[in-house]
Amino acid sequence: MTGIIKGLFARRNVLVGIGAFCVLVVLAAILLSAATRPAPPVEPIPTNTHTPESTPTETASPTATQTPLPTPTPTIPVLAGRVVDLDSRVPIADAQIAAEEQRTETDAEGRYSLIGVAPPADISIHAAGYEKREVVWRGEIPLDVALERERIIVWLRDDQSGSSIVGGTVHAVDSATTSQTNTWGMALIALKPGETLRAAADGYADLELVYDGRKQVYLFLKPYAIQGTVRDALTEDTIPDLRITLRSHDQVRMTTTDQDGAFRFSHVPLTSTLVITAGGYISLTQVVTASLPATITLTLEPLIYKGVYIPFGLLYAPEAVYGILDMVDRTELNAIVVDVKSDRGRLAYQSELEIAVQGEAYAPEVMDLNELLRACKERGIYAIARLVTFKDPILAKVKPEWAITRKSGKLYLDGEELPWGDPYKQEVRDYNIGIAKEVAALGFDEIQFDYIRFPSDGIISDIEYGITSTRETRTAAIAQFCEEAHAALSAMGVMTSIDIFGLVTWVDTDWDEGIGQRLVDLARHVDYVSPMVYPSTYASGHMGYKEPARYPYEVVSESLRRAKLQTKTKLRPWLQHYSLWGVEYGTKELLAQKQAAEDARTHGWLFWNAGGVYNEAVFAPAEPTATPTKAP
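Everything quoted here is computed from the prediction, not taken from an experiment. (Residues numbered from 1 in each chain as written. Predicted model: local features only at pLDDT ≥ 70, side-chain atom pairs only at ≥ 80, totals over all residues. Heavy atoms only, no water.)

(A) Here's a closer look at a nonpolar patch on the surface. The grouping of Ile76, Val78 and Ile115 at the surface amounts to a nonpolar patch, some 290 Å² of accessible area in total. Structurally, Val78 can be placed in strand β1 (residues 78-85). (Patch = residues over 30% accessible without salt bridge, like charges linked within 9 Å, V, L, I, M, F, W, Y side chains within 5 Å. Areas by Shrake-Rupley, 256 points an atom, 1.4 Å probe, with all protein chains shown as cover. Salt bridge = Lys/Arg side-chain N within 4 Å of Asp/Glu carboxyl O. Helix = DSSP H or I, 4+ residues; strand = E, 2+ residues; numbered from the N terminus.)

(B) View of the confidence of the model for the protein. When pLDDT is averaged along the protein, the result is 87; 87% of the residues meet or exceed 70. This stretch, residues 1-64, has a pLDDT under 50; its non-local contacts, to residues over four places away or in other chains, come to seven contacts. With pLDDT under 50 throughout, residues 626-632 is counted as low confidence; its partners more than four residues away or in other chains account for 17 contacts. (pLDDT = per-residue confidence, 0-100. Contact = heavy atoms within 4.5 Å.)

(C) Spatial organisation of the pairing of strand β3 (residues 102-105). Of the strand pairs in this sheet, strand β2 (residues 96-99) and β3 are connected by four bridges, and their pairing is antiparallel. Following the sheet pairing, Ala99 is matched in β3 by Gln102. Following β2, the chain reverses through two residues before pairing antiparallel with β3; Glu100 in that reversal takes a positive phi of roughly 55°. (Pairing = 2+ DSSP bridges.)

(D) Local environment of the packing of aromatic side chains. Tallying each qualifying case throughout the model produces 18 aromatic pairs. With a centroid separation of 6.2 Å and an interplanar angle of 90°, the aromatic rings of Tyr309 and Trp574 are classed as edge-to-face. In this pair, Tyr309 sits in strand β22 (residues 305-310) while Trp574 sits in strand β31 (residues 574-576), placing the two residues 265 residues apart along the sequence. Considered together, Tyr309 and Trp574 belong to a single accessibility category, that of buried residues. Relative to Trp608, the ring of Trp574 lies with its centre 5.4 Å away and its plane at 85°, an arrangement referred to as edge-to-face. Here Trp574 is found in strand β31, whereas its partner Trp608 is found in strand β32 (residues 604-608), with 34 residues between them in sequence. (Phe/Tyr/Trp six-rings, centres within 6.5 Å; stacked < 30°, edge-to-face > 60°. Buried < 20%, exposed > 50% of the residue type's maximum accessible area, 1.4 Å probe, protein only.)

(E) Seen up close, helix α9 (residues 552-566). Taking 1.5 Å as the rise per residue, α9 with 15 residues should run 21 Å; its terminal C-alpha atoms sit 22 Å apart, in good agreement. Buried residues of α9: Pro552, Val555, Val556, Glu558, Ser559, Leu560, Ala563 and Gln566, and no others. Of the surrounding elements, those touching the buried residues of α9 are α8 (519-522), β29 (528-532), β30 (570-571), β31 and α10 (587-599). (Expected span 1.5 Å × (residues − 1).)

(F) Spatial organisation of the packing of helix α2 (residues 318-330) against helix α4 (residues 369-379). At their nearest, the axes of α2 and α4 sit 11 Å apart, and the two run at 15° to each other. Judged by the inter-axis angle, α2 sits roughly parallel to α4. Considering the relative orientation of α2 and α4, their crossing is right-handed. In this structure, α2 contributes Val321, Tyr322, Leu325, Asp326 and Asp329 to the contact, and α4 contributes Glu371, Leu372, Ala375, Cys376 and Arg379. (Axes fitted to C-alpha atoms, helices over the stretch in contact; angles between N-to-C directions. Parallel < 35°, antiparallel > 145°, perpendicular 65-115°, else oblique. Left-handed = near helix turned anticlockwise from the far one by under 90°.)

(G) Spatial organisation of the sheet that holds strand β14 (residues 216-221). Here three strands make up an open sheet; going across it, the order is β11-β8-β14 and the pairing mixed. The open sheet is flanked by β11 (186-190) and β14, the only strands paired with a single partner. The sheet shows a mean angle of 30° between the axes of neighbouring strands, direction not considered.

(H) Layout of the nonpolar core. Residues Phe444, Ile447 and Phe449 are the most contacted members of the largest nonpolar core, which totals 109 residues. Contacts of Phe449, omitting those with residues within four sequence positions, involve Leu387, Thr389, Ala436, Phe481, Ala485, Leu489, Thr496, Ser497, Ile498 and Asp499. (Core = buried A, V, L, I, M, F, W, Y, C linked by side-chain atoms within 4.5 Å.)

(I) Highlighting the environment of Thr277. Checked against the element boundaries, Thr277 lands in the loop between β19 (273-276) and β20 (284-287). We classify Thr277 as partly exposed; its relative accessible area is 39%. Taking the C-alpha atoms as reference, Thr277 lies 7.7 Å from Ile244; in sequence the two are 33 residues apart. In this structure the side chain of Thr277 is engaged in a polar contact, spanning 3.5 Å, whose partner is the side chain of Ser283. (Polar contact = N/O pair within 3.5 Å; in protein donor to acceptor, adjacent residues only side chain to side chain.)

(J) Representation of the environment of Asp94 within the structure. Tracing the chain through its elements places Asp94 in the loop between β1 and β2. As a C-alpha pair, Asp94 and Ala127 span 33 residues in sequence and 6.9 Å in three-dimensional space. Setting aside anything within four residues of it in sequence, one finds Asp94 in contact with Glu105, Thr106 and Asp107.

(K) Broad picture of the pattern of salt bridges. A complete count under the given rule lists 30 salt bridges for this structure. Across the pair Glu148 and Arg151 runs a salt bridge whose closest N-O atoms are separated by 3.0 Å. For Glu148, a relative accessible area of 37% corresponds to the partly exposed category. Salt-bridge contacts for Lys215 lead to Glu150; the nearest nitrogen and oxygen are separated by 2.6 Å.

(L) Fine view of the pairing of β29. Across the five residues of β29, five count as buried, placing the element largely inside the fold. Where burial is concerned, the two faces of β29 agree: the one with Tyr528, Ser530 and Met532 and the one with Val529 and Pro531 are both buried. Sheet topology note: the strand β28 (residues 495-501)/β29 ladder contains five bridges and is parallel. Along β29, the bridge assignment pairs Ile500 with Pro531. Where β29 meets β30, two bridges bridge the pair, whose relative direction is parallel. Directly across from Tyr528, in β30, lies its bridge partner Lys570.

Quick look at the structure:
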């Protein structure tokens, strides 16, 4: 019994415990419900606004229910920013942005945004013409990305040889970036499809194209060449055998115009310079730029020299020489031709050549040539030294074995009973060239050779030269002298000219009149040809005139016209300033010759008077700018 009672008591205790627990749970639920239930709104106490004695508003009881805080809303992550060019910082439109499974593109301002990407996330950015970029987004806002332009390989090659072009320039025009090719002709440069690519290299024509997206581009540049023609501004004739210099950086190249005045340079660097310094012309400089046509015409302005002759004998009277210089100052004249070696072999200066010393060629009584040259330089007068060449008694006296002889072995003498040096002998040519070089060193602007021929008078049929004298051998000997003299003097910066018979311009080019003078052979080796077109020296019947001297304009004009048919070398004729054979030459006749020369567009003219006496009325008054400047 006692056991049963104890059992019931134990069961009762358990039930009581369970009941108590249930009560606690219910109470907790009630309390939680009360805590989360919103408090009722608090009604404001109305205020009597009609009486000043209104009762003040009462304060709410401290035990009134408070409004609970709202539950936070979860934040949705946003990936946003801008994509720009690394170098220019310019926005990149249409760039592709990839993050997890999402994709988007940048707008015109380079902006983008993606919603719902949870950091950290791998982001991929790519745009046409740019290197692809991978970044990790860790939640930073904004995420701005700069893309580096995609670099391509450009190869520069010579269009003709295919060889690499080293040091060439590759230029991205739109982005203004530049790269140079290495020793393999390769360059790396950032470029986008559709942009302009330009390639350039010294000595080549520029090449420009629109990039099409290839990873490697081969560009073949054509060598830049300049070709053209040089013409005389006065005559409009082309100028053959003219040296042209091309200067670029530290390099100097030269070429010579052909017989048609044409020239050509290949592989010409841009901004190089063409320079022409030619005797008798104003120097010309032409800068080579990209705008210069590949074929050009260069026109040289000639220096026109108008002069008179000062004979050897007048050098004994310096006051008379200065009188002529004064006349040159007052008139259109700008040149003198002064005897330095006479037809007697005498010299107006002290030579150091053995033959001249032994033969006592120097005439010490003449005026000092150095003083004469100083006066010419001060006055801007062009000074020409006249040298009588093969007619030379002093040479024949010192070296008779070098002189022309008869078959008997005796010296040949011309109509004036004077001996000549033999033009066939190299020693004779060398002696005269030696004199010319000494005279040039004194400071003369030009050396003029007279009597550059074989003798034409006396008993020439009795001459023994030691070789068979034919047209070919004679013309070759005289031409060789001209060539050798011109080479020696041009190296000294001095011009050369020759005097020839006026009749040479009329005879058939197959004939040399027996004296070795043929215009086509000699003219190409000198700077000026001075035909002695004295009307009084033409025989009766010439041009159909009984007395040609009475037709000065016609004789001079036709002689020069014929000369120009044979050569493009500058002509500067000798005109007659004397009377002969009963035909008086006054102002009218002298002016007619001068007019004929100018109408023929010659490069000036020279008046000859054996006594050095001139009619100043023939020469126009001087103009301030009439005196030309010698080409450097």
